[in-house]
Amino acid sequence: MRPSLRIGYLGFGAYLPPTVLTNHDLEKIVDTTDDWIQRRTGIQERRVLAKDETILGMAVAAARQAMDDAGVSPEQIGDIRVGVNTWPRFPSLATQLQAELGAKNASASDVSAGCTGFVYAVEGAHNKILVENLCYDRDLVSLVVGVDGLSHAVDWQDRSTCVLMGDGAGAVILGAVERGGILATYTHADGRYGDLLYSDTAFETQWSTNGSGRFSTKQTIARPYLRMDGRKVYSVAVRTMVHDVLHVIDKYNHGNPDPIGLEDINFLYPHQANLRIIESVAKKLDVPLERVYTNGIVKFGNTSTASIPIGYLDPQARPEGSRRTGLEIDVAFGAGFASGAILRKVV
Ligand code: ACO
């Protein structure tokens, strides 16, 4: 049975740090060229956090813009979920965001699902809003943020990873809508691929070997850096993103008297990992590139869990400042591997 309540996006926000790092800047840091980076990834430039900027600051800026856009006050937010991979400590980034916003009525938690964190967070927020409404007759408004500061996680001497990443944040407000909204979500994980894309472990805790029964903590490396087998990630990413787009459509069609097909999808927001991955996914799905978000990877690099919500406000996806209407799909893939897709109707 399909619930009558529709849940969708009420507002959007994004934040990109002003500092631009071009491929030519990177030529001075590692042994690379603008030509190599553009041919292999499509990236021209990315944004990076300045010394006085923080991951929390990016999340706050994107969240505030989304709240303003939705006309929602901090007190009205009942749930905060933050997709993030680069927040280095506890308590969670979401709780710190809650405090900064003064969202005193909200629950708050981080979602760790690689570059798919935003998709997982939207799915979780959507489901919570539904349950709170159907079971407890409570109207809930959620804030979902995707944010990452990958410039703090890459090894700036490793040319195979540092040229790919950028920093940024995107946010949405979710709540009841009269028309359109989220039609179906799908998430999946396959942890067998955990050693293809991961961060180092910086500390190890060991039992003492002298029989004293004491713990000792050893620092194994100076900093935990992002590591990746790019070639292997590439092929699984393309296959999985194609599968997830088709699967979320199948899920929506299950028992639906009004099924849809790929040809009905007006716009696709793939996670911005690499332009070649995006082009391969579009080609396999036979979706023309004009109907696919690509500007994020070119201008902002791979901003991980922030890349899809940043795209919602990008002029490429919002021609002349207005939103497109029709069916849209978000699809993401990242470390874990964790992947997923959201089918939405924009009215
Ligand atoms: N500049 C110049 N040369 C480089 C650079 C660089 N920045 N990086 C690597 N190379 C060299 C390598 O050393 C290698 O040299 P060799 O042949 O002498 O050994 C050569 O380029 C080829 O290296 P590959 O890693 O095989 O290059 P590939 O064509 O696979 O491209 C890339 C690398 C761009 C990372 C690609 O594998 C890829 O896009 N993978 C997808 C992974 C991805 O995008 N991950 C992002 C995070 S995960 C996510 O968001 C889903």
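Since the structure is predicted, the reported quantities are computational estimates derived from the model, not experimental observations.

### Notes on the packing of aromatic side chains
Working step 1: Using the criterion set out here, one finds 9 aromatic pairs in the structure.
Working step 2: Seen in terms of ring centroids, Phe12 and Tyr312 are 5.5 Å apart; in terms of plane orientation they differ by 75 degrees. Their pairing is edge-to-face. A residue pair is termed long-range when its members are at least 10 positions apart, and Phe12 in strand 1 (residues 7-15) and Tyr312 in helix 10 (residues 307-312) qualify at 300 residues. Across this residue pair, the class does not change: Phe12 and Tyr312 are buried.
Working step 3: On the numbers, 5.0 Å between centres and 20 degrees between planes, the contact of Tyr193 with Phe337 is stacked. Remark: Phe337 occurs in the loop between strand 14 (326-334) and strand 15 (338-346) and Tyr193 occurs in the loop between strand 8 (181-189) and strand 9 (197-199); sequence separation between them is 144 residues.
Working step 4: Here Tyr193 falls in the partly exposed class, since its relative accessible area comes to 24%.
Working step 5: Taken together, Tyr9, Phe12, Phe118, Phe267, Tyr269, Tyr293 and Tyr312 form an aromatic cluster joined through their ring pairs.

### Side note on the domain arrangement of the chain
It is common to give the size of an interface as the accessible area that goes away when the parts come together.
Working step 1: Domain annotation of the chain identifies domain 1 (7-179) and domain 2 (184-196 + 224-346).
Working step 2: Summarising the inter-unit geometry, the C-alpha centres of domain 1 and domain 2 are found 16 Å apart.
Working step 3: With both sides pooled, the region where domain 1 packs onto domain 2 buries about 3500 Å², and carbon together with sulfur makes up 62% of that total.
Working step 4: Interface area lost by domain 1 to domain 2 is led by Phe12, Cys115 and Val119, which between them contribute 18%.
Working step 5: Connecting domain 1 to domain 2 are 0 salt bridges.

### Focus on the sheet that holds strand 14
Working step 1: Read from one edge to the other, the open sheet built from 4 strands follows the order 8-15-14-13, with strand pairing classed as mixed. Each end of this open sheet is capped by a strand with a single partner; those strands are strand 8 and strand 13 (265-270). Each strand axis lies, on average, 15 degrees off the axis of its neighbour in the sheet, ignoring direction.
Working step 2: Sheet topology note: the strand 14/strand 15 ladder contains 9 bridges and is antiparallel. Residue pairing for strand 15: Phe333 is matched across the bridge by Ser339.
Working step 3: The strands touched by helix 5 (residues 117-136) are strand 8, strand 14 and strand 15; relative to strand 8, the strand with the most contacts, the crossing angle is about 125 degrees.

### Some points on helix 3 (residues 55-70)
Working step 1: The end-to-end C-alpha separation of helix 3 is 23 Å, in line with the 22 Å expected for 16 residues at 1.5 Å each.
Working step 2: Among the residues making up helix 3, those that are buried are Ile55, Leu56, Met58, Ala59, Val60, Ala62, Ala63, Ala66 and Met67.
Working step 3: The secondary structure elements touched by the buried residues of helix 3 are strand 1, helix 4 (93-101), strand 6 (142-149) and strand 7 (167-176).
Working step 4: Of the residues one or two after helix 3, Gly71 is the one with positive phi, at around 70 degrees.

### Thoughts on the site of the ligand
Working step 1: Residues in close proximity to the ligand total 22 residues, the closest being Thr32, Arg40, His271, Asn274 and Asn302.
Working step 2: Within the side chain of Arg40, one N or O atom sits 2.5 Å away from an oxygen atom of the ligand.
Working step 3: Separating an oxygen atom of the ligand from a side-chain N or O atom of His271 is a distance of 2.8 Å.
Working step 4: Mapped by element, the contributors of at least two residues to the shell around the ligand are helix 2 (34-41), helix 6 (159-162) and helix 7 (230-253).
Working step 5: Among the elements that line the shell around the ligand, the one with the most residues is helix 7, at 4 residues.
Working step 6: Tallied by class, residues from the shell around the ligand come to 11 nonpolar, 7 polar and 4 charged.

About the cut-offs
Residue indices begin from 1 for each chain and proceed along its sequence in written order. Per-residue local features are limited, in this predicted model, to residues with pLDDT of at least 70; the limit for side-chain atom pairs, both in listing and counting, is 80 or more; totals at the level of whole chains, interfaces and linings are taken over all residues. The side-chain figures draw on all heavy atoms in the structure; neither hydrogens nor water molecules are used. Pairing of aromatic rings covers Phe, Tyr and Trp, the last through its six-membered ring, and needs centres within 6.5 Å; plane angles under 30 degrees mean stacked, over 60 mean edge-to-face, and all others mean tilted. A run of DSSP states H or I qualifies as a helix once it reaches four residues; a run of E qualifies as a strand once it reaches two. Both are numbered from the N-terminal end. Classification of residues uses two cut-offs on accessible area relative to the type maximum, computed with a 1.4 Å probe and protein chains only: under 20% is buried, over 50% is exposed, and between them is partly exposed. The start and end points of each domain follow an automatic or database-based domain assignment. In this description, buried area is defined as the sum, over both parts, of the accessible area (probe of 1.4 Å) that is lost when the two are combined. Within this document, salt bridges are pairs made up of a side-chain nitrogen of Lys or Arg and a carboxyl oxygen of Asp or Glu, the two lying within 4 Å of each other. Criterion used throughout: strands pair if DSSP finds at least two bridges between them. Here the axes come from fitting lines to C-alpha atoms, over the contacting stretch only for helices, and the angles between their N-to-C directions go from 0 to 180 degrees. We call two residues in contact whenever any of their non-hydrogen atoms come within 4.5 Å of each other. The span one expects for a helix is its residue count, reduced by one, times 1.5 Å. Residue proximity to a molecule or strand is established when one non-hydrogen atom of the residue lies within 4 Å of it. Nitrogen and oxygen atoms within 3.5 Å of one another constitute a polar contact, given that in protein one can donate a hydrogen and the other can accept it, and given that sequence-neighbouring residues count only through two side-chain atoms. Any residue that is not Ala, Val, Leu, Ile, Met, Phe, Trp, Tyr, Cys, Pro, Asp, Glu, Lys or Arg is counted as polar, Gly included; the first ten are nonpolar and the last four charged.

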